[in-house]
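# Structure at a glance
Next come the chains, spelled out residue by residue.
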Amino acid sequence: MPVVKDIFIALSNNKFMNESAKRMGPALGANKVVAGVDIDSTIETVEKLNMKGISCTLDNLGEFVTSRQEALEAQQNIVEIMRRNYNANIDAHVSIKLTQLGLNIDREFAYQNTREILLKAHEYGNTFVNIDAEKFEDLVGITEIIDRLKGEFKNVGTVIQAYLYDSMNIMEKYSDVRLRLVKGAYKEASHIAYQTKEEIDQNYIKLIERRLLTAKAFTSIATHDHNIINHVKQFVKDNNIDRNSFEFQMLFGFRTDYAYQIASEGYNFCMYVPFGQDWFGYFMRRLAERPQNINLMLLDIFNK
Ligand code: FAD
(Lines give C-alpha, C1' and ligand atoms only; values in the text may rest on other atoms or scores of the structure.)
Protein backbone atom coordinates (compact mmCIF):
# COMPACT_ATOMS: atom_id res chain seq x y z
CA MET A 1 0.00 0.00 0.00
CA PRO A 2 2.47 2.67 -1.19
CA VAL A 3 -0.01 5.57 -0.84
CA VAL A 4 -0.77 4.77 2.82
CA LYS A 5 2.97 4.46 3.46
CA ASP A 6 3.57 7.88 1.88
CA ILE A 7 0.88 9.47 4.06
CA PHE A 8 2.43 8.17 7.28
CA ILE A 9 5.94 9.17 6.18
CA ALA A 10 4.63 12.68 5.35
CA LEU A 11 3.00 12.87 8.80
CA SER A 12 6.27 11.78 10.45
CA ASN A 13 7.96 14.72 8.71
CA ASN A 14 5.30 17.28 9.73
CA LYS A 15 6.80 19.61 12.30
CA PHE A 16 3.49 21.08 13.50
CA MET A 17 2.00 17.62 14.16
CA ASN A 18 5.16 16.52 15.95
CA GLU A 19 5.15 19.62 18.18
CA SER A 20 1.43 19.31 19.00
CA ALA A 21 1.76 15.59 19.80
CA LYS A 22 4.72 16.30 22.10
CA ARG A 23 2.53 18.55 24.26
CA MET A 24 -0.23 15.93 24.36
CA GLY A 25 1.97 12.96 25.45
CA PRO A 26 1.84 9.45 23.88
CA ALA A 27 -1.66 8.86 22.45
CA LEU A 28 -3.41 6.91 19.66
CA GLY A 29 -1.85 3.68 20.91
CA ALA A 30 1.72 4.98 20.90
CA ASN A 31 1.94 4.21 24.62
CA LYS A 32 2.16 0.53 23.62
CA VAL A 33 5.34 1.10 21.62
CA VAL A 34 6.97 3.86 23.69
CA ALA A 35 8.29 2.58 27.01
CA GLY A 36 7.53 5.74 28.99
CA VAL A 37 7.87 9.48 29.01
CA ASP A 38 10.34 9.50 31.89
CA ILE A 39 13.48 7.64 32.93
CA ASP A 40 11.89 5.87 35.93
CA SER A 41 9.22 4.10 33.87
CA THR A 42 11.78 3.28 31.17
CA ILE A 43 14.10 1.64 33.69
CA GLU A 44 11.16 -0.41 35.03
CA THR A 45 10.49 -1.66 31.49
CA VAL A 46 14.16 -2.57 31.02
CA GLU A 47 14.21 -4.47 34.30
CA LYS A 48 11.22 -6.56 33.20
CA LEU A 49 12.86 -7.33 29.85
CA ASN A 50 16.19 -8.16 31.50
CA MET A 51 14.36 -10.71 33.64
CA LYS A 52 13.31 -12.45 30.39
CA GLY A 53 16.98 -12.60 29.31
CA ILE A 54 16.61 -9.64 26.94
CA SER A 55 19.03 -6.72 26.88
CA CYS A 56 17.90 -3.26 25.77
CA THR A 57 19.01 -0.37 23.63
CA LEU A 58 17.38 2.90 24.69
CA ASP A 59 16.34 5.63 22.28
CA ASN A 60 15.72 9.12 23.70
CA LEU A 61 13.01 10.19 21.22
CA GLY A 62 13.51 13.54 19.52
CA GLU A 63 12.69 14.99 16.10
CA PHE A 64 13.28 18.39 14.45
CA VAL A 65 16.16 19.60 16.59
CA THR A 66 17.00 23.04 15.20
CA SER A 67 18.77 24.84 18.04
CA ARG A 68 22.00 24.23 19.93
CA GLN A 69 20.04 24.39 23.15
CA GLU A 70 17.75 21.50 22.08
CA ALA A 71 20.75 19.43 20.98
CA LEU A 72 22.54 20.01 24.29
CA GLU A 73 19.38 19.06 26.20
CA ALA A 74 19.17 15.82 24.19
CA GLN A 75 22.82 15.08 24.95
CA GLN A 76 22.22 15.69 28.67
CA ASN A 77 19.15 13.39 28.67
CA ILE A 78 21.18 10.64 27.04
CA VAL A 79 24.02 11.02 29.55
CA GLU A 80 21.48 11.00 32.37
CA ILE A 81 19.87 7.75 31.22
CA MET A 82 23.34 6.15 30.91
CA ARG A 83 24.11 7.26 34.47
CA ARG A 84 20.79 5.89 35.75
CA ASN A 85 21.29 2.58 33.87
CA TYR A 86 24.70 2.23 35.46
CA ASN A 87 23.40 2.94 38.95
CA ALA A 88 20.45 0.57 38.48
CA ASN A 89 22.88 -2.11 37.19
CA ILE A 90 20.64 -3.02 34.25
CA ASP A 91 21.60 -4.53 30.92
CA ALA A 92 21.06 -1.56 28.60
CA HIS A 93 22.95 0.79 26.30
CA VAL A 94 21.85 3.76 24.20
CA SER A 95 21.01 4.25 20.54
CA ILE A 96 21.44 7.85 19.45
CA LYS A 97 20.47 9.93 16.43
CA LEU A 98 23.03 12.47 15.27
CA THR A 99 20.34 14.85 13.92
CA GLN A 100 19.12 15.09 17.52
CA LEU A 101 22.65 16.04 18.59
CA GLY A 102 22.89 18.89 16.10
CA LEU A 103 24.09 17.28 12.85
CA ASN A 104 22.07 19.69 10.73
CA ILE A 105 23.06 22.71 12.82
CA ASP A 106 26.84 22.31 12.80
CA ARG A 107 28.67 19.03 12.12
CA GLU A 108 31.57 19.82 14.47
CA PHE A 109 29.12 20.62 17.26
CA ALA A 110 27.32 17.26 16.68
CA TYR A 111 30.70 15.48 16.73
CA GLN A 112 31.61 17.09 20.08
CA ASN A 113 28.19 16.18 21.55
CA THR A 114 28.57 12.57 20.44
CA ARG A 115 32.14 12.38 21.70
CA GLU A 116 30.95 13.59 25.10
CA ILE A 117 28.37 10.78 25.18
CA LEU A 118 31.06 8.22 24.35
CA LEU A 119 33.33 9.55 27.08
CA LYS A 120 30.48 9.27 29.58
CA ALA A 121 29.60 5.77 28.34
CA HIS A 122 33.19 4.82 29.14
CA GLU A 123 32.76 6.23 32.64
CA TYR A 124 29.43 4.44 33.14
CA GLY A 125 30.58 0.84 32.68
CA ASN A 126 32.10 1.22 29.19
CA THR A 127 28.73 0.52 27.61
CA PHE A 128 28.17 0.40 23.88
CA VAL A 129 26.73 3.41 22.01
CA ASN A 130 24.90 2.83 18.74
CA ILE A 131 24.59 5.58 16.15
CA ASP A 132 21.28 5.02 14.33
CA ALA A 133 20.92 5.35 10.56
CA GLU A 134 18.64 8.16 9.42
CA LYS A 135 17.63 9.70 6.09
CA PHE A 136 20.03 9.29 3.16
CA GLU A 137 20.65 13.07 3.11
CA ASP A 138 22.30 12.69 6.55
CA LEU A 139 24.47 9.69 5.64
CA VAL A 140 27.61 11.62 4.68
CA GLY A 141 27.54 13.60 7.92
CA ILE A 142 26.88 10.50 10.01
CA THR A 143 29.66 8.42 8.44
CA GLU A 144 32.12 11.30 8.70
CA ILE A 145 31.49 11.50 12.46
CA ILE A 146 31.65 7.72 12.91
CA ASP A 147 34.95 7.62 11.02
CA ARG A 148 36.41 10.18 13.41
CA LEU A 149 35.05 8.44 16.52
CA LYS A 150 35.87 4.84 15.69
CA GLY A 151 39.59 5.57 15.82
CA GLU A 152 39.27 6.83 19.36
CA PHE A 153 36.55 4.59 20.84
CA LYS A 154 35.91 0.84 20.73
CA ASN A 155 32.36 1.14 22.10
CA VAL A 156 30.76 2.82 19.09
CA GLY A 157 28.79 1.18 16.29
CA THR A 158 26.20 2.00 13.66
CA VAL A 159 23.45 0.73 11.37
CA ILE A 160 23.34 -0.46 7.76
CA GLN A 161 20.11 0.02 5.77
CA ALA A 162 19.62 -2.81 3.26
CA TYR A 163 17.42 -0.68 0.98
CA LEU A 164 20.46 1.41 -0.04
CA TYR A 165 22.14 0.25 -3.27
CA ASP A 166 25.46 1.07 -1.63
CA SER A 167 24.78 -0.86 1.60
CA MET A 168 27.24 -3.69 0.88
CA ASN A 169 30.13 -1.24 0.36
CA ILE A 170 29.25 0.69 3.50
CA MET A 171 29.00 -2.54 5.49
CA GLU A 172 32.36 -3.81 4.23
CA LYS A 173 34.00 -0.54 5.25
CA TYR A 174 32.84 -1.21 8.82
CA SER A 175 33.79 -4.89 9.09
CA ASP A 176 35.58 -4.23 12.41
CA VAL A 177 32.78 -2.12 13.88
CA ARG A 178 29.72 -3.44 15.72
CA LEU A 179 26.78 -3.11 13.30
CA ARG A 180 23.00 -3.37 13.31
CA LEU A 181 21.55 -4.55 10.00
CA VAL A 182 18.04 -3.28 9.12
CA LYS A 183 15.87 -3.01 6.02
CA GLY A 184 15.58 0.82 6.31
CA ALA A 185 12.74 2.99 7.61
CA TYR A 186 12.69 6.19 5.53
CA LYS A 187 11.40 7.01 2.07
CA GLU A 188 14.30 7.21 -0.38
CA ALA A 189 14.35 7.91 -4.12
CA SER A 190 14.69 5.09 -6.65
CA HIS A 191 18.17 6.26 -7.75
CA ILE A 192 19.37 5.69 -4.15
CA ALA A 193 17.43 2.76 -2.78
CA TYR A 194 15.55 -0.42 -3.71
CA GLN A 195 11.81 0.20 -3.69
CA THR A 196 10.18 -3.23 -3.56
CA LYS A 197 9.96 -5.54 -0.56
CA GLU A 198 11.37 -8.43 -2.64
CA GLU A 199 14.49 -6.50 -3.66
CA ILE A 200 15.04 -5.17 -0.13
CA ASP A 201 14.59 -8.61 1.47
CA GLN A 202 16.98 -10.17 -1.04
CA ASN A 203 19.67 -7.59 -0.36
CA TYR A 204 19.06 -7.83 3.39
CA ILE A 205 19.74 -11.59 3.34
CA LYS A 206 22.85 -11.05 1.20
CA LEU A 207 24.19 -8.53 3.74
CA ILE A 208 23.40 -10.71 6.75
CA GLU A 209 25.11 -13.78 5.27
CA ARG A 210 28.21 -11.85 4.20
CA ARG A 211 28.47 -10.10 7.54
CA LEU A 212 28.04 -13.26 9.63
CA LEU A 213 30.71 -15.06 7.62
CA THR A 214 33.30 -12.28 7.52
CA ALA A 215 32.82 -9.71 10.29
CA LYS A 216 35.40 -9.06 12.95
CA ALA A 217 32.81 -7.48 15.23
CA PHE A 218 29.40 -8.18 16.75
CA THR A 219 26.27 -8.04 14.57
CA SER A 220 22.66 -7.17 15.43
CA ILE A 221 19.99 -8.46 13.08
CA ALA A 222 17.07 -6.11 13.63
CA THR A 223 13.81 -7.30 12.08
CA HIS A 224 10.33 -8.57 12.95
CA ASP A 225 10.28 -10.70 9.81
CA HIS A 226 9.93 -14.39 10.73
CA ASN A 227 11.07 -15.48 7.25
CA ILE A 228 14.38 -13.63 7.68
CA ILE A 229 14.76 -14.80 11.29
CA ASN A 230 14.17 -18.45 10.31
CA HIS A 231 16.62 -18.08 7.44
CA VAL A 232 19.27 -16.69 9.80
CA LYS A 233 18.76 -19.49 12.33
CA GLN A 234 19.28 -22.11 9.61
CA PHE A 235 22.24 -20.25 8.07
CA VAL A 236 23.98 -19.98 11.42
CA LYS A 237 23.48 -23.68 12.06
CA ASP A 238 24.68 -24.75 8.60
CA ASN A 239 27.80 -22.58 8.83
CA ASN A 240 28.71 -23.22 12.48
CA ILE A 241 28.52 -19.55 13.30
CA ASP A 242 29.03 -18.75 16.97
CA ARG A 243 25.74 -17.59 18.52
CA ASN A 244 27.71 -15.09 20.57
CA SER A 245 28.83 -13.25 17.46
CA PHE A 246 25.32 -11.89 16.84
CA GLU A 247 21.94 -11.09 18.33
CA PHE A 248 18.41 -10.51 17.12
CA GLN A 249 16.73 -7.17 17.80
CA MET A 250 13.13 -5.98 17.68
CA LEU A 251 11.31 -2.78 18.52
CA PHE A 252 9.53 -2.56 21.87
CA GLY A 253 5.80 -3.33 21.62
CA PHE A 254 5.90 -5.37 18.39
CA ARG A 255 5.78 -9.20 18.30
CA THR A 256 6.69 -9.36 21.99
CA ASP A 257 5.77 -13.04 22.43
CA TYR A 258 7.90 -13.90 19.42
CA ALA A 259 10.81 -11.95 20.95
CA TYR A 260 10.45 -13.89 24.22
CA GLN A 261 10.39 -17.15 22.27
CA ILE A 262 13.62 -16.35 20.39
CA ALA A 263 15.37 -15.35 23.63
CA SER A 264 14.17 -18.55 25.33
CA GLU A 265 15.69 -20.59 22.47
CA GLY A 266 19.10 -19.34 23.64
CA TYR A 267 19.76 -16.61 21.06
CA ASN A 268 21.08 -13.25 22.23
CA PHE A 269 18.23 -10.79 22.02
CA CYS A 270 18.08 -7.02 22.42
CA MET A 271 14.95 -4.84 22.48
CA TYR A 272 15.01 -1.29 21.06
CA VAL A 273 13.17 0.75 23.68
CA PRO A 274 12.14 4.32 22.78
CA PHE A 275 11.22 6.72 25.55
CA GLY A 276 10.35 10.40 25.98
CA GLN A 277 7.73 12.94 24.87
CA ASP A 278 8.61 13.17 21.21
CA TRP A 279 6.71 10.04 20.09
CA PHE A 280 4.82 11.16 16.96
CA GLY A 281 7.44 10.85 14.21
CA TYR A 282 8.65 7.50 15.55
CA PHE A 283 5.07 6.16 15.72
CA MET A 284 4.19 7.37 12.22
CA ARG A 285 7.29 5.63 10.78
CA ARG A 286 6.11 2.38 12.41
CA LEU A 287 2.66 2.81 10.84
CA ALA A 288 4.32 3.47 7.48
CA GLU A 289 6.28 0.21 7.74
CA ARG A 290 3.25 -1.85 8.52
CA PRO A 291 -0.18 -0.26 8.14
CA GLN A 292 -1.62 -3.20 10.13
CA ASN A 293 -0.04 -1.46 13.13
CA ILE A 294 -3.06 0.86 12.89
CA ASN A 295 -4.67 -1.89 15.02
CA LEU A 296 -2.75 -0.41 17.93
CA MET A 297 -4.43 2.92 17.28
CA LEU A 298 -7.94 1.48 16.83
CA LEU A 299 -7.70 -0.64 19.97
CA ASP A 300 -6.67 2.46 21.88
CA ILE A 301 -9.52 4.60 20.53
CA PHE A 302 -12.24 1.97 21.09
CA ASN A 303 -11.01 1.01 24.54
CA LYS A 304 -11.63 4.57 25.76
P1 FAD B 1 8.82 -5.85 7.49
O2 FAD B 1 9.40 -5.86 6.11
O3 FAD B 1 8.12 -4.62 7.97
O4 FAD B 1 7.83 -7.05 7.68
C5 FAD B 1 8.10 -8.32 7.09
C6 FAD B 1 7.06 -9.33 7.55
O7 FAD B 1 7.24 -9.60 8.95
C8 FAD B 1 5.63 -8.83 7.42
O9 FAD B 1 5.14 -9.03 6.12
C10 FAD B 1 4.93 -9.69 8.47
O11 FAD B 1 4.67 -10.98 7.98
C12 FAD B 1 5.97 -9.78 9.57
N13 FAD B 1 5.79 -8.73 10.59
C14 FAD B 1 6.44 -7.55 10.66
N15 FAD B 1 6.01 -6.84 11.71
C16 FAD B 1 5.06 -7.57 12.31
C17 FAD B 1 4.24 -7.38 13.46
N18 FAD B 1 4.30 -6.26 14.20
N19 FAD B 1 3.38 -8.37 13.78
C20 FAD B 1 3.28 -9.50 13.05
N21 FAD B 1 4.04 -9.74 11.96
C22 FAD B 1 4.92 -8.80 11.59
N23 FAD B 1 15.60 1.76 10.42
C24 FAD B 1 16.46 2.74 10.07
O25 FAD B 1 16.35 3.29 8.97
N26 FAD B 1 17.46 3.13 10.93
C27 FAD B 1 17.65 2.53 12.14
O28 FAD B 1 18.58 2.91 12.88
C29 FAD B 1 16.76 1.49 12.53
N30 FAD B 1 16.88 0.84 13.70
C31 FAD B 1 16.06 -0.22 13.99
C32 FAD B 1 16.25 -0.97 15.17
C33 FAD B 1 15.49 -2.10 15.41
C34 FAD B 1 15.70 -2.89 16.65
C35 FAD B 1 14.49 -2.52 14.45
C36 FAD B 1 13.67 -3.78 14.65
C37 FAD B 1 14.28 -1.77 13.33
C38 FAD B 1 15.03 -0.62 13.08
N39 FAD B 1 14.82 0.14 11.94
C40 FAD B 1 15.71 1.13 11.61
C41 FAD B 1 13.60 -0.07 11.12
C42 FAD B 1 13.85 -1.03 9.97
O43 FAD B 1 14.66 -0.40 9.02
C44 FAD B 1 12.52 -1.46 9.31
O45 FAD B 1 11.89 -0.33 8.80
C46 FAD B 1 11.56 -2.15 10.23
O47 FAD B 1 12.22 -3.03 11.10
C48 FAD B 1 10.50 -2.94 9.43
O49 FAD B 1 11.07 -3.99 8.74
P50 FAD B 1 11.09 -5.50 9.27
O51 FAD B 1 12.41 -6.04 8.91
O52 FAD B 1 10.80 -5.52 10.72
O53 FAD B 1 9.96 -6.28 8.52
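Residues numbered from 1 in each chain as written. Predicted model: local features only at pLDDT ≥ 70, side-chain atom pairs only at ≥ 80, totals over all residues.

Looking up the protein chain in an unreviewed UniProt entry gives the name proline dehydrogenase, with the organism given as Mammaliicoccus vitulinus. For the record of the protein chain, the UniProt heading Catalytic activity (unreviewed entry) holds the text "L-proline + a quinone = (S)-1-pyrroline-5-carboxylate + a quinol + H(+)". In its Cofactor (unreviewed entry) section, the UniProt entry covering the protein chain states "FAD". (UniProt positions renumbered as here; feature names shortened; annotations may be inferred.)

For the rest of this paragraph, the subject is the overall build of the protein chain. Counting its regular elements, the protein chain contains 12 helices and 8 strands. Overall, the C-alpha framework of the protein chain stretches about 50 × 45 × 45 Å when taken along its three principal axes. Every one of the 304 residues in the protein chain was classed for burial, and the buried ones make up 39%. The contacts of the protein chain with a sequence gap of at least 6 include a subset with a gap of at least 24, amounting to 71%. (Helix = DSSP H or I, 4+ residues; strand = E, 2+ residues; numbered from the N terminus. Buried ≥ 20, exposed ≤ 12 C-beta atoms within 10 Å, placed from the backbone. Contact = placed C-beta atoms within 7 Å.)

Quick look at helix H10 (residues 256–264) now. For H10, the full list of buried residues reads Ala-259, Ile-262 and Ala-263. Down the axis, H10 shows its buried residues gathered within 100° of arc, on one side only. Projecting away from the buried face of H10 at angles above 90 degrees are the exposed residues Asp-257, Gln-261 and Ser-264. Looking at the buried positions of H10, the neighbouring elements they touch are helix H9 (226–238), strand S7 (246–251) and strand S8 (269–275). One or two positions beyond H10, positive phi appears at Gly-266, with a value near 95°. (Arc of directions from axis to C-beta.)

Turning our attention to the site of the ligand. The environment of the ligand is made up of 21 residues, and the closest members are Asp-132, Val-182, Ala-185, Ala-222 and Thr-223. For the shell around the ligand, the elements supplying multiple residues, two or more each, are strand S4 (156–161) and S7. Here the shell around the ligand is built from residues that sort into 10 nonpolar, 5 polar and 6 charged. (Near = placed C-beta within 6 Å. Nonpolar A, V, L, I, M, F, W, Y, C, P; charged D, E, K, R; others polar.)

Okay, the packing of helix H5 (residues 107–123) against helix H6 (residues 139–152) next. The contact between H5 and H6 brings their axes to 10 Å, and the two run at 45°. Between H5 and H6, the crossing angle belongs to the class labelled oblique. Here the hand of the crossing between H5 and H6 comes out right-handed. Residues Arg-107, Ala-110, Tyr-111, Thr-114, Arg-115 and Leu-118 of H5 pack against Gly-141, Glu-144, Ile-145, Arg-148 and Leu-149 of H6. (Axes fitted to C-alpha atoms, helices over the stretch in contact; angles between N-to-C directions. Parallel < 35°, antiparallel > 145°, perpendicular 65-115°, else oblique. Left-handed = near helix turned anticlockwise from the far one by under 90°.)

A few words now on the UniProt feature "domain: Proline dehydrogenase" (unreviewed entry) in the protein chain. Taking the UniProt record as the reference, the feature "domain: Proline dehydrogenase" (unreviewed entry) is found at residues 43–290. Within residues 43–290, the helical portion is 48% and the strand portion 17%, while the C-alpha atoms at the span's ends are 28 Å from each other.

We now examine unusual backbone geometry. Keep in mind that most residues, glycine aside, have a negative phi and that most peptide bonds are trans. Even without being glycine, Asn-126 reaches a positive phi, approximately 50°. Assignment of secondary structure puts Asn-126 in the loop between H5 and strand S3 (129–131). Positive phi, normally seen in glycine, also occurs at Asn-240, with a value near 50°. Assignment of secondary structure puts Asn-240 in the loop between H9 and S7.

Counting residues in each nonpolar core, the largest one holds 76 residues, and the members touching the most others are Cys-56, Met-271 and Val-273. Excluding its chain neighbours within four sequence positions, the residues that come into contact with Met-271 are Leu-49, Ile-54, Cys-56, Met-250, Phe-252 and Ala-259. (Core = buried A, V, L, I, M, F, W, Y, C linked by C-beta atoms within 7 Å.)

Turning to the sheet that holds strand S6 (residues 219–222), a few remarks are in order. Strand order in the closed barrel formed by 8 strands is S1-S2-S3-S4-S5-S6-S7-S8, and the pairing between neighbours is parallel. Taking the axes of each pair of neighbouring strands and ignoring which way they run, one obtains an average angle of 30° across the sheet. As defined by bridge partners, S6 adjoins S7 across 4 bridges and the pair is classed as parallel. By the bridge assignment, Ala-222 is partnered in S7 with Gln-249. (Pairing = 2+ DSSP bridges.)

Moving on: helix H11 (residues 280–289). Counting buried residues in H11 gives 8 out of 10 residues, a clear majority hidden from the surface. What H11 keeps buried is the set Phe-280, Gly-281, Tyr-282, Phe-283, Met-284, Arg-286, Leu-287 and Ala-288.

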